[in-house]
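# Observations on the model geometry
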Amino acid sequence: MTSLRSAGGAAAAGVPSATEDSTHDHPIVAHDDAQIAALAKRLNRIEGQVRGIARMIDEDRYCVDILTQVSAVQSALDALARKLLEHHLHGCVSHAIVSGNGERAIDEALAVIRKFGR
């Protein structure tokens, strides 16, 4: 598991800093504040969509309309996951490769990618 923030922030020369996550023994590579804000905004929008679906069900709206909204939420979650995966590959996996732990990080990334293929 990677964290969206680390205690150290970004290191000089554009290389993300990393600390060890004691609960999972993984490096923590920080997002910058703009990335965090963009992810939070995206997640808040998804949360609003899910609440909208709940209202539609409470209002006994037409099933196809509800299913259309469910599909939109699934697409939004997929887009969020792609953004997180992109950060993981560029930050966490890159850091692991430089640190000599690339094989483990690549295997872990591939396992996560396989989950999206189901």
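## As for the nonpolar core
Across soluble globular proteins, you tend to see nonpolar side chains buried next to one another. Of all hydrophobic cores here, the largest spans eight residues; its members are Leu39, Ile46, Ile53, Met56, Ile66, Val73, Ala76 and Leu80. Elements with a contribution of two residues or more to this core: helix 1 (33–58) and helix 2 (63–99).

## Focus on the pattern of salt bridges
Proximity of charged atoms lets side chains of opposite charge pair with each other. This model, assessed by the stated rule, comprises two salt bridges. Among the ionic pairs, Arg51 bridges to Glu47, the shortest N-O distance being 3.3 Å. Here Glu47 and Arg51 lie together in helix 1, a separation of four residues that amounts to about one turn. According to the relative accessible area criterion, Glu47 is partly exposed, its value standing at 44%. Close ionic contact of Glu59 with Arg61 constitutes a salt bridge, the shortest N to O distance being 3.6 Å. For Arg61, a relative accessible area of 39% translates into the label partly exposed.

How each quantity is defined
- Residues numbered from 1 in each chain as written.
- Predicted model: local features only at pLDDT ≥ 70, side-chain atom pairs only at ≥ 80, totals over all residues.
- Heavy atoms only, no water.
- Core = buried A, V, L, I, M, F, W, Y, C linked by side-chain atoms within 4.5 Å.
- Buried < 20%, exposed > 50% of the residue type's maximum accessible area, 1.4 Å probe, protein only.
- Helix = DSSP H or I, 4+ residues; strand = E, 2+ residues; numbered from the N terminus.
- Salt bridge = Lys/Arg side-chain N within 4 Å of Asp/Glu carboxyl O.

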